[in-house]
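# Reading the structure
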Amino acid sequence: MFAKPVRGHTTAAVEGDAVVLLIGMRINHFRAVHQWLPVMLSMIRMLWELARDPDRGLLGHVLLTASPRTYYVVQYWESRDKLYAYATSPQMFHHRAWAAVNRKDRQGKARGHVGLWHETYVAPEGSHESIYFDMPAFGLAKAHGQVPVERRGRYAADRFAHRSRPVPEPGKTS
């Protein structure tokens, strides 16, 4: 259950773009348990659904809390297309959950007991880097794999410059 730290400096073995989704909820009224508990359980149910089908594209996630009121999940995805496919698939629980939220909102039954939010980032190759020191695989490294930092560069500038495929010279095609 508890991962052993990997000695030394490592970095995430991301090849290509990194797709990161931050998604969460804020409890606006603690006593409205009947409003916020189903939202929290829905978040967990979606993670279980994705864990049962790795082909959907979720590579890993981290559950976090920002305060006693705010809970969120950092999700690492294989691609923006797979994230969008999951979010819009009528067969997946996310689609049904959002349909219920939207229905309540249209009916004026959303009372502000629970806040919902998400932010999605696609960091193209060359615009993200990572380093871990005496850490088990975590975050991007847990989602994409972990390699010794020397394979990508000792310095952040070197890791930003790493490419999974050679970049063609200007004026030349590959």
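Residues numbered from 1 in each chain as written. Predicted model: local features only at pLDDT ≥ 70, side-chain atom pairs only at ≥ 80, totals over all residues. Heavy atoms only, no water.

## Details of the overall build of the protein chain
When helices and strands are counted, the protein chain shows 5 helices and 7 strands. Going residue by residue from the N terminus, the α and β elements of the protein chain occur as β-β-α-β-β-α-α-β-β-α-β-α. Along the three orthogonal principal directions, the C-alpha set of the protein chain runs to about 55 × 40 × 25 Å. Looking at the 174 residues of the protein chain, the share that counts as buried comes to 31%. Looking at the protein chain as shown, the accessible area adds up to about 11,500 Å², and 57% of this sits on carbon and sulfur atoms. Separation between the mean location of the 24 positive side-chain charges and that of the 15 negative ones in the protein chain comes to 12 Å. (Helix = DSSP H or I, 4+ residues; strand = E, 2+ residues; numbered from the N terminus. Buried < 20%, exposed > 50% of the residue type's maximum accessible area, 1.4 Å probe, protein only. Areas by Shrake-Rupley, 256 points an atom, 1.4 Å probe, with all protein chains shown as cover. Lys, Arg positive; Asp, Glu negative; His and termini not counted. Charge placed at Lys NZ, Arg CZ, Asp CG, Glu CD.)

## As for the packing of helix H1 (residues 33–52) against helix H3 (residues 93–106)
Running from N to C, H1 and H3 cross one another at 155°; their axes reach a closest spacing of 9 Å. In terms of orientation, H1 and H3 fall into the roughly antiparallel class. For H1 against H3, the interelement crossing comes out left-handed. Of H3, the residues touching H1 (which contributes Gln35, Ser42, Arg45, Met46 and Glu49) are Phe93, His94, Arg96, Ala97 and Lys104. For the contact of H1 with H3, the per-class residue count stands at 3 nonpolar, 3 polar and 4 charged. (Axes fitted to C-alpha atoms, helices over the stretch in contact; angles between N-to-C directions. Parallel < 35°, antiparallel > 145°, perpendicular 65-115°, else oblique. Left-handed = near helix turned anticlockwise from the far one by under 90°. Contact = heavy atoms within 4.5 Å. Nonpolar A, V, L, I, M, F, W, Y, C, P; charged D, E, K, R; others polar.)

## Side note on the pattern of salt bridges
All told, the structure shown has 5 salt bridges when counted by the stated rule. A salt bridge links Arg56 to Asp53; its shortest N-O distance comes to 3.5 Å. Judged by relative accessible area, Asp53 falls into the partly exposed class, the value being 30%. A salt bridge links Glu129 to Arg159, with the nearest nitrogen and oxygen atoms 2.6 Å apart. Here the residue Glu129 occupies a position in the loop between strand E5 (114–123) and strand E6 (132–135), and Arg159 occupies one in helix H5 (residues 156–161), the gap between them amounting to 30 residues. (Salt bridge = Lys/Arg side-chain N within 4 Å of Asp/Glu carboxyl O.)

## A closer look at the environment of Arg26
With respect to the element layout, Arg26 can be found in strand E2 (residues 18–27). Not counting the four nearest positions on each side in its chain, Arg26 is found in contact with Arg69, Thr70, His113, Val114 and Gly115. At 2.4 Å, the side chain of Arg26 and the side chain of Asn28 are in polar contact. (Polar contact = N/O pair within 3.5 Å; in protein donor to acceptor, adjacent residues only side chain to side chain.)

## A word on the sheet that holds E5
Two strands in a sheet stick together by hydrogen bonds in their backbones, pointing the same way (parallel) or opposite ways (antiparallel). With antiparallel pairing, 4 strands are arranged side by side in an open sheet as E3-E4-E2-E5. Because the sheet does not close on itself, it has two edges, and the strands there are strand E3 (58–65) and E5. Here the strands of the sheet are splayed against their neighbours by 15° on average, with no regard to which way each runs. Both E3 and strand E4 (residues 70–77) contribute to a ladder of 7 bridges, which runs antiparallel. Counted as the bridge partner of Gly60 is Tyr76 from E4. (Pairing = 2+ DSSP bridges.)

The analysis is restricted to geometry; functional conclusions fall outside its scope.
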